[in-house]
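Coordinate inspection notes
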There are 2 protein chains.
Amino acid sequence: MSNSSIVRVSVLGAGTVGSEVIRILMQRRDELGARAGAELMLNKVLVRNLNAPRSVDIDPGILIDDPEVALDGADVVIELIGGLEPAFTLVKRALQQGSTVITGNKALLARHGPHLYELAEEHNTDLYYEAAVAGAVPIVYGLRESLTGDHINRVVGIVNGTTNFILDQMASTGAEYSQALSQAQAAGFAEADPTADVEGHDAAAKCAIMASLAFHSRVSIEAVSTEGITTVSAADIEYAKQSGQVIKLLAVAERLQGKIRAEVFPALLPLTHPLAAVNGAYNAVILEGEAAGRLMFYGLGAGGAPTASAVLSDLVAAASHRAHGGHAPRELCYAALAVLSPEQIPVRYYLRIRVPDTAGVLAEVAGIFSHHGISLETVRQDHGDREEVHIGVTTHEALQGDINAALEALRKSEQVLSIDSILRIEE
Amino acid sequence: MSNSSIVRVSVLGAGTVGSEVIRILMQRRDELGARAGAELMLNKVLVRNLNAPRSVDIDPGILIDDPEVALDGADVVIELIGGLEPAFTLVKRALQQGSTVITGNKALLARHGPHLYELAEEHNTDLYYEAAVAGAVPIVYGLRESLTGDHINRVVGIVNGTTNFILDQMASTGAEYSQALSQAQAAGFAEADPTADVEGHDAAAKCAIMASLAFHSRVSIEAVSTEGITTVSAADIEYAKQSGQVIKLLAVAERLQGKIRAEVFPALLPLTHPLAAVNGAYNAVILEGEAAGRLMFYGLGAGGAPTASAVLSDLVAAASHRAHGGHAPRELCYAALAVLSPEQIPVRYYLRIRVPDTAGVLAEVAGIFSHHGISLETVRQDHGDREEVHIGVTTHEALQGDINAALEALRKSEQVLSIDSILRIEE
């Protein structure tokens, strides 16, 4: 309990984020220690290859390639390896030996979070993960600590910088998706295998974490209805632009009918929406509290330094608790709300349907919507080339299940040539 | 340390915020208790008049008009009286008896904060004050906890809803200040005596609190250079509009030359600035962390419910610490940076100077600036009526002391009829 307590910190992984964490930790050790009320000591750094070149100068005596040794004697373990294994095994082992664990590993948490929270509680230690959602933007703190006195009804955010960059590129250059993806890869904003980002899995993991925290329930990544941006076309973007809207990949977690709606999907947003102006690599999350109203958190959602900032803030809290007692807030699950099935989610859509230019087609299309209980808000017919007509419709709110059934019926109809756009509308 | 711990909560003051805190506390006692891991019990509610009508139904057995009795047996004391006395005396007494104190009283903190932090430490208890800055926007948490691993270089925000509403009114209706103030008073956005808001004192108190937290130093309200909005004219607003800018009352706390710049002033902001779009009663604060980059927090800065949300979040943290051990982060002052004197602050200005339409006037005016080492970025002459000319100048960065000297020289010059606009420019 004295100010001279020593807190030994092991870092697993010395990639972009790990190197930055180590660099700042060495450079500002005294300042961080003063805040924690404890002396921070770099214990071990686990790396894959002891001889690889590094962007930060680490004492060779603490570099190690043996996970067992890296965990040994650590009060705090910072896991920055990423992915499920060996991260899962090492985090479990660290918690079992009573170390506090700090991780930025959203895939790990979205898959094994509940197990790890229980393990931490069982061994009377803590798990911190601010860096797992939206980089330096303190959304985990916001949900876990600073809004804990309020009743959150809705969380909606842009939590993936790669897809936001790609959609921005498409909007500013008119490029098709595949072209914008190549540009993002060339600019270092998308990985060689972009699947986790562009298919929405990364955003879904963050959505699961935010939904669990906001609604005090266990929401796993599998329960999040997820749609990526790979089917968004240049024509979709052009439609958005002409109608005063933008397309953004949203993560939404909401209380609905006593259950949780948890979704990731590309959506049309009006330009006046506060998320419409969030560009490039920026992330933003809006929390709607019953008393607080609408709060927005905005900042850099990725990158070595912003993510390191989140990790080090967790480290100060963790070290302070190790030295002076106290705990991170428990992961509460007292509400245990179920997740709403995708078919039950009320949605609005914009659809563009290609039909032949013959009499009665519009009546046929309208009839299909009406048959499935879907009311249309606007209908617009544009005559294309080659005796074709594009029918653009926006629906009133309908259940996703009814929309799915109507889409199937449209696809089967002999009067429908193709459905060229299927876009969610969010207000 | 068990989940059945009882935490007794006394609320001092049952005005707008107090009533809302009590209402939510009674309505969601179980949920808040589950989060705190303790049973929350409303102990006493201190009111001025026992028989006054109330917006919330309080058990008459706990209503009390005697402060001594209200504090008696309280684990947590929520001070929502406001102002310096009797709040100061009661908060001191509460800390001395070891109660945790939660307050939304920025005037109290800006004046007596250091004394109260020490008192809390001395009696091994905590002081929470999320509600003191920007209502439900968790800026105190952001600075005190979630960015504690980073090195903050700058905090800039709109933290007073009344002045923001008045400046908005002026911009949208073209009204003069006094007229917009009356409208704000009629709409309930300004008090009968608006001094604390319009003269910038309320924003200065918040600036002092934010600067102290961001820079781990003691900054009192007296050290904040403060200018309100009472001299902003319809012509100033019109100039802003025509030049693609808006005028906002800013609170700025910044590391500069190894000291702290702490200021409140109305400033011209370009429309592209993220604070330019913060309208009406909304507050927004940008934190610039060395690693995190620029983070923005945005939300409702005042009002019963948003402020109650902040108080109740503090209550959950306080109750959890009472029941399970641990403390709020200490108020650290290890940096102990001095505050930069106003004359040493580098600033940029827009000035509109009325002169007679005679030869050599511009040279005279330009000479005065040059004599004081101030370089001009743009100069624009407009011929007004009655053989007068308006000279509008924007300066490059200069020291406030030099600007003051130049303004004095301009006022003394026989060639200057009046100085009609003196506006800071912020980028």
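Refer to the structure presented above.
Residues numbered from 1 in each chain as written. Chains lettered and ligands numbered in written order. Predicted model: local features only at pLDDT ≥ 70, side-chain atom pairs only at ≥ 80, totals over all residues. Heavy atoms only, no water.

**A look at the overall build of chain A**
For chain A, the count of helices and strands is 14 helices and 18 strands. Compactness check: chain A gives a C-alpha radius of gyration of 24 Å against a globular reference of 22 Å for 427 residues, within 12% of the reference. Dimensions of chain A along its principal axes, counting C-alpha atoms only, are 85 × 45 × 35 Å. Sorting the 427 residues of chain A into buried and exposed places 58% on the buried side. The long-range share in chain A, meaning contacts at least 24 apart out of those at least 6 apart in sequence, stands at 72%. Just so you have it, chain A exposes about 16,300 Å², and 49% of that area is on carbon and sulfur atoms. For chain A, the distance from the average site of its 32 positive side-chain charges to the average site of its 52 negative ones is 3 Å. (Helix = DSSP H or I, 4+ residues; strand = E, 2+ residues; numbered from the N terminus. Rg over C-alpha atoms; globule rule 2.2 N^0.38 Å. Buried < 20%, exposed > 50% of the residue type's maximum accessible area, 1.4 Å probe, protein only. Contact = heavy atoms within 4.5 Å. Areas by Shrake-Rupley, 256 points an atom, 1.4 Å probe, with all protein chains shown as cover. Lys, Arg positive; Asp, Glu negative; His and termini not counted. Charge placed at Lys NZ, Arg CZ, Asp CG, Glu CD.)

**A closer look at the sheet that holds strand 2 (residues 39-46) of chain A**
Taken together, six strands build an open sheet; the order of strands is 3-2-1-4-5-6 (chain A) and the sheet is parallel. Only two strands of the sheet have a single partner each, and these edge strands are strand 3 (63-64) and strand 6 (127-128) of chain A. (Pairing = 2+ DSSP bridges.)

**Remarks on the sheet that holds strand 3 (residues 63-64) of chain B**
Residue and element names in this part refer to chain B. Pairing within the open sheet is parallel, and its six strands lie in the order 3-2-1-4-5-6. At either margin of the open sheet sits one strand with a lone partner, and together these are strand 3 and strand 6 (127-128). As judged from the two bridges shared by strand 2 (residues 39-46) and strand 3, these two strands associate in the parallel manner. The residue of strand 3 that forms the bridge with Val45 is Leu63.

**Quick notes on the interface of chain A and chain B**
On the side of chain B, 38 residues touch chain A, which itself brings 38 residues to the contact. Regarding the contact of chain A and chain B, the summed buried area is about 3,400 Å², with carbon and sulfur atoms giving 56% of it. The tally of links from chain A across to chain B stands at zero salt bridges. Our count for the contact surface shared by chain A and chain B stands at 18 residue pairs in polar contact (both at pLDDT 80 or more). Broken down by secondary-structure element, the contributors of at least two residues to the side of chain A that touches chain B are helix 2 (29-36), helix 6 (139-146), strand 12 (293-300) and helix 12 (304-324) of chain A. The element best represented in the side of chain A that touches chain B is strand 12 of chain A, accounting for seven residues. Partitioning the side of chain A that touches chain B into residue classes produces 22 nonpolar, 10 polar and six charged. The pairing of strand 12 of chain A with strand 12 (residues 293-300) of chain B spans three bridges and is classified as antiparallel. Paired with Tyr298 of chain A across the strands is Met296 of chain B, a residue of strand 12 of chain B. (Buried area = accessible area lost by both parts, 1.4 Å probe. Salt bridge = Lys/Arg side-chain N within 4 Å of Asp/Glu carboxyl O. Polar contact = N/O pair within 3.5 Å; in protein donor to acceptor, adjacent residues only side chain to side chain. Nonpolar A, V, L, I, M, F, W, Y, C, P; charged D, E, K, R; others polar.)

**What about the relation of the copies chain A and chain B?**
Of the transformation placing chain A onto chain B, the axial shift is 0.0 Å and the rotation is 180 degrees, giving an RMSD of 0.0 Å. Look at the turn and shift together and you get a two-fold axis relating the two. Looking at the rotation axis and the C-alpha trace of chain A, the residue lying nearest is Gly326 of chain A, at 1.8 Å. Mapped onto chain B, 100% of the interface residues of chain A again fall at the interface, so both copies present the same surface. (Least-squares fit on C-alpha atoms with pLDDT ≥ 70 in both.)

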